[in-house]
2 protein chains.
Amino acid sequence: MKKRLTISDIARLAGVGTTTVSRVLNQDPKVKPETRHRVEQIIAEAGYAPSPSARAMRTQRQQVVGVIVSRLDSASEHQAVRAMLQVLEQAGYEVLLMESGFSSDKVAEHLNWLRLRQADGAILFAFSGLALDGQADWQDKLVVMARRYPGFSSVCYDDKGAIGLMLEHLWRQGVRRPAYVGVELRDSTTGQQRLEAYLDFCRAQDIAPHYRLGGLSHQAGLEAARLLLKEQADTDALVCASDTLALGAAKYLQQSGKAATLTGIGNNELLRFLFPAVASVDLGYPQAGTAAARQLLAQIEQGRPIAELALPCRLVSTD
Amino acid sequence: MKKRLTISDIARLAGVGTTTVSRVLNQDPKVKPETRHRVEQIIAEAGYAPSPSARAMRTQRQQVVGVIVSRLDSASEHQAVRAMLQVLEQAGYEVLLMESGFSSDKVAEHLNWLRLRQADGAILFAFSGLALDGQADWQDKLVVMARRYPGFSSVCYDDKGAIGLMLEHLWRQGVRRPAYVGVELRDSTTGQQRLEAYLDFCRAQDIAPHYRLGGLSHQAGLEAARLLLKEQADTDALVCASDTLALGAAKYLQQSGKAATLTGIGNNELLRFLFPAVASVDLGYPQAGTAAARQLLAQIEQGRPIAELALPCRLVSTD
DNA sequence: GTGAAAGCGCTAACAG
DNA sequence: CTGTTAGCGCTTTCAC
């Protein structure tokens, strides 16, 4: 039962004052190099690490940030989270992962909790219906992912660009009657923006739009595919707003024996494995995660102003 | 810019000493009900919450536990984690989720970090090759998931039982030549135990074992299915050691047009959606998570001794 | 350059 | 039952 070392133990061992040790710990330049060296030596030998709580208490900075994802097991969010962890932990922050389950109340709850906990900042994966009303005090220490939110920093994917990219790709491949499997419009990005991109394309190419909007589940994708192909049998491609929907649509194509080029968005691993022919768009999740984490750090550490970031996307296809 | 309230602010507002407020905060019974009531009133009105750092510093209890998963986006681990979060957060603990990526070094790193951070405990999802050597000080505050580890508490799934259950089910359905898609033996649970259960069954029914061991990926499942069916075309069932493998095997069956009853383990949602005919075994992930969290809390809060827990499993089938 | 000393907000003796 | 007091381990004036 060895007692934990304190700063004064180190001070005594090094024959200096606690102040000096503290200065070494905090990279304060006002320490003679040789003194610094000796102290560092002792610290390393003793395996000493300063108490985060004591430090936090003194400085009022917890070195803690919360990351609120919608689902912990979402493959796309996970990619972004992994990148965030890298940046934030590197910077000495503790990361508290929490799950919203697409509930605005749950977000408020988590945010309140983080406030009580005096967290230094947070990153929040947005979803349709997200409300950040009584959260004005988070304005300069919160980054919203996946959609813009007035008054807060945000990092967005290129929703319109992704669909546009895909449609142009298909057009080059000879597709002329692409139908669209989308998401309800109350979802502003995956829903509205992606549909809009589809409609824009139809207008530009002068073709009649043909689409279905629904939920985000596999089942929704299957159902939409079924209806679209039933309504217009000459549809030559199903452009899905997400890889999850594409997985559902793929199942329908398979079980019905019908044929159509199928595409998704999200660069999902399982989709690529099961249905390699399905093209997808990589939205740049890791890059988004890195960008969000950096933006947050710059805001809370250097007072950088709020910013709305946008990321480029990239086509993923086997042909 | 309102300053954060402290315990003495509350004490002053309530016209009592800080000790009394502290007692109210800590549910100490030695407070006159009416005093308590008044203090609680003030606390609520002022929206006061005690500083966790100050508290931690004083009590030497951080109210923090780490949870080290192998992959944050693993569906099965996620189910267990969700249940853990529920229990631990309920008990007032902060949960730090970390990822090992199946690396023993990474585990050591995280554990060291948690030690420095003075975390009160940890839950670790085991994997093959896990080594907990220099971690003796974690013995009474660590719970290992998914396999036993001498000297530590653990919560295990019923690996042998799951395969046994499945084989008996198939036998009743008339299956007589079940082949087994397994995992390398250096994985003691998913690998060894499940294979053993298969071999036991073969011995009991006096049939010739026919199996392949490989990795845990979809691709491995596909490959194993291909080889097994090539080697023995009269195989009437492919019993897979996991739903991931089953997904790979399902793809093979589909693309090759061959037929065989297929089963997995893990009750994976996507597998159920894409291939509803595939029976699976529910290993009880949420229950395992709850059990692990409770065990950990009991150990660190009440000194309950180390224990090796085992969970029952349950067949999931559409027929 | 360096150290002594004063707290940060809280809890745990110890008195009343 | 309640208040006074002494720190927990650290950073930060303010002297030297």
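See the structure above.
For the structure given in this document, a descriptive report is provided here. (Residues numbered from 1 in each chain as written. Chains lettered and ligands numbered in written order. Predicted model: local features only at pLDDT ≥ 70, side-chain atom pairs only at ≥ 80, totals over all residues. Heavy atoms only, no water.)

1. Focus: the overall build of chain A
Step number 1: Across its full length, chain A carries 12 helices and 12 strands.
Step number 2: Dimensions of chain A, computed from the C-alpha atoms along their principal axes, are close to 85 × 40 × 40 Å.
Step number 3: Relative to its 319 residues, chain A shows a buried fraction of 52%.
Step number 4: Intrachain contacts of chain A at a sequence separation of at least 6 include 62% that bridge at least 24 residues.
Step number 5: Carbon and sulfur atoms provide 50% of the accessible area of chain A, an area that totals close to 14700 Å². (Helix = DSSP H or I, 4+ residues; strand = E, 2+ residues; numbered from the N terminus. Buried < 20%, exposed > 50% of the residue type's maximum accessible area, 1.4 Å probe, protein only. Contact = heavy atoms within 4.5 Å. Areas by Shrake-Rupley, 256 points an atom, 1.4 Å probe, with all protein chains shown as cover.)

2. Structural notes on the packing of helix α5 (residues 75-90) of chain B against helix α12 (residues 285-302) of chain B
Residue and element names in this part refer to chain B.
Step number 1: For the pair α5 and α12, interaxial distance at closest approach is 7 Å and the crossing angle is 40 degrees. Classified by the angle between their axes, α5 and α12 sit oblique to one another. Our pair here, α5 against α12, has a crossing hand that is right-handed. Every residue of α12 that contacts α5 at Ser76, Gln79, Ala80, Ala83, Met84, Val87 and Leu88 is listed here: Tyr285, Pro286, Gly289, Thr290, Ala292, Ala293, Arg294 and Leu297.
Step number 2: Across the contact of α5 with α12, the residue classes tally to 10 nonpolar, 4 polar and 1 charged. (Axes fitted to C-alpha atoms, helices over the stretch in contact; angles between N-to-C directions. Parallel < 35°, antiparallel > 145°, perpendicular 65-115°, else oblique. Left-handed = near helix turned anticlockwise from the far one by under 90°. Nonpolar A, V, L, I, M, F, W, Y, C, P; charged D, E, K, R; others polar.)

3. Structural notes on unusual backbone geometry
Step number 1: Residues other than glycine seldom take positive phi values, yet asparagine 267 of chain A does so here, at roughly 55 degrees.
Step number 2: When you line up the elements, asparagine 267 of chain A lands in the loop between β9 (261-263) and α11 (269-274).
Step number 3: By relative accessible area, asparagine 267 of chain A is classed as buried at 18%.
Step number 4: Unlike most non-glycine residues, glutamine 63 of chain B shows phi in positive territory, near 55 degrees.
Step number 5: With respect to the helices, strands and loops of the structure, glutamine 63 of chain B is situated in the loop between α4 (52-59) and β1 (64-69).

4. Overview of the interface of chain A and chain B
Step number 1: Of the residues lining the interface, 37 residues belong to chain A; the matching set on chain B comes to 37 residues.
Step number 2: Regarding the contact of chain A and chain B, the summed buried area is about 3600 Å², with carbon and sulfur atoms giving 60% of it.
Step number 3: Here chain A and chain B share 4 salt bridges between them.
Step number 4: Across the pair arginine 117 of chain A and glutamate 94 of chain B runs a salt bridge whose closest N-O atoms are separated by 2.1 Å.
Step number 5: Across the contact surface, chain A and chain B share 14 residue pairs in polar contact (both at pLDDT 80 or more).
Step number 6: Among the elements of the structure, α4 (52-59), α5 (75-90), β2 (94-99), α6 (104-116), α9 (218-231), α10 (243-256) and α11 of chain A are those that each provide at least two residues to the side of chain A that touches chain B. (Buried area = accessible area lost by both parts, 1.4 Å probe. Salt bridge = Lys/Arg side-chain N within 4 Å of Asp/Glu carboxyl O. Polar contact = N/O pair within 3.5 Å; in protein donor to acceptor, adjacent residues only side chain to side chain.)

5. Here we look at a nonpolar patch on the surface
Step number 1: On the surface, a nonpolar cluster with roughly 240 Å² of combined accessible area is contributed by Leu185, Tyr211 and Leu213 of chain A.
Step number 2: Relative to the helices and strands, tyrosine 211 of chain A resides in strand β7 (residues 211-214). (Patch = residues over 30% accessible without salt bridge, like charges linked within 9 Å, V, L, I, M, F, W, Y side chains within 5 Å.)

6. As for the relation of the copies chain A and chain B
Step number 1: Rotating chain A by 180 degrees about the axis while translating it 0.0 Å along that axis superimposes it on chain B, leaving an RMSD of 0.2 Å. Overall, the copies show the geometry of a two-fold rotation axis.
Step number 2: When the interface residues of chain A are mapped onto chain B, 100% of them again lie at the interface, so the same face is used by both copies. (Least-squares fit on C-alpha atoms with pLDDT ≥ 70 in both.)

7. Structural notes on the sheet that holds strand β6 (residues 178-183) of chain B
Residues and elements named next belong to chain B.
Step number 1: The strand order β7-β6-β8-β9 describes an open sheet built from 4 strands, whose pairing is parallel. At either end of the open sheet lies a strand with only one pairing partner, and these are β7 (211-214) and β9 (261-263). Each strand axis lies, on average, 15 degrees off the axis of its neighbour in the sheet, ignoring direction.
Step number 2: Bridge analysis of β6 against β7 gives 4 bridges, and the strand direction is parallel. The residue bridging tyrosine 180 from the neighbouring strand is tyrosine 211, located in β7.
Step number 3: Strands in contact with helix α7 (residues 159-172) are β6, β8 (237-240) and β9; relative to β8, the strand with the most contacts, it is inclined by about 165 degrees. (Pairing = 2+ DSSP bridges.)

8. Focus on the protein's contact with DNA strand D
Step number 1: The environment of DNA strand D is made up of 26 residues, and the closest members are Ile7, Tyr48 and Arg58 of chain A together with Thr19 and Thr35 of chain B.
Step number 2: Note that a phosphate oxygen of DNA strand D is positioned 2.8 Å from one of the backbone N or O atoms of lysine 32 of chain B.
Step number 3: The side chain of arginine 58 of chain B places a nitrogen or oxygen atom 2.8 Å from a base nitrogen of DNA strand D.
Step number 4: Breaking the surface near DNA strand D down by element, the ones donating at least two residues are α2 (18-25) and α4 of chain A together with α2 (18-25) and α4 of chain B.
Step number 5: Tallying contributions element by element places α4 of chain A first for the surface near DNA strand D, with 4 residues.
Step number 6: Of the residues in the surface near DNA strand D, the class split is 7 nonpolar, 12 polar and 7 charged. (Near = heavy atom within 4 Å.)

9. Here's the deal with the side chain of arginine 36 of chain A
Step number 1: Topologically, arginine 36 of chain A is positioned in helix α3 (residues 33-46).
Step number 2: Residues in contact with arginine 36 of chain A, not counting those within four places in the same chain, are Val24, Gln27, Asp28, Pro29 and Val31 of chain A.

10. Some remarks on the packing of α2 of chain B against helix α3 (residues 33-46) of chain B
All names here are of chain B.
Step number 1: One way to put it is that α2 packs onto α3 with a least axis distance of 10 Å and a crossing angle of 85 degrees. For the element pair α2 / α3, the angle class is roughly perpendicular. Within the contact between the two elements, α2 uses Thr20, Val21, Val24 and Leu25 and α3 uses Thr35, Arg36, Val39, Glu40 and Ile43.
Step number 2: Tallied by class, the residues present in the contact of α2 with α3 amount to 5 nonpolar, 2 polar and 2 charged.

11. A short note on the packing of aromatic side chains
Step number 1: Evaluation of the coordinates by the stated rule reveals 12 aromatic pairs over all chains.
Step number 2: With centroids separated by 6.3 Å and ring planes inclined at 75 degrees, the aromatic side chains of tyrosine 198 of chain A and tyrosine 211 of chain A adopt a geometry described as edge-to-face. Highlighted residues: tyrosine 198 of chain A in helix α8 (residues 188-205) and tyrosine 211 of chain A in strand β7, separated in sequence by 13 residues.
Step number 3: Between the aromatic rings of phenylalanine 102 of chain B and phenylalanine 127 of chain B, the centroid separation amounts to 5.9 Å while the plane-to-plane angle is 80 degrees, which identifies the pairing as edge-to-face. Here the residue phenylalanine 102 of chain B occupies a position in the loop between β2 (94-99) and α6 (104-116), and phenylalanine 127 of chain B occupies one in the loop between β3 (121-125) and β4 (142-145), the gap between them amounting to 25 residues.
Step number 4: Residue phenylalanine 102 of chain B is classed as partly exposed on the basis of its relative accessible area of 44%.
Step number 5: Residue class for phenylalanine 127 of chain B comes out buried when judged on its relative accessible area of 4%. (Phe/Tyr/Trp six-rings, centres within 6.5 Å; stacked < 30°, edge-to-face > 60°.)

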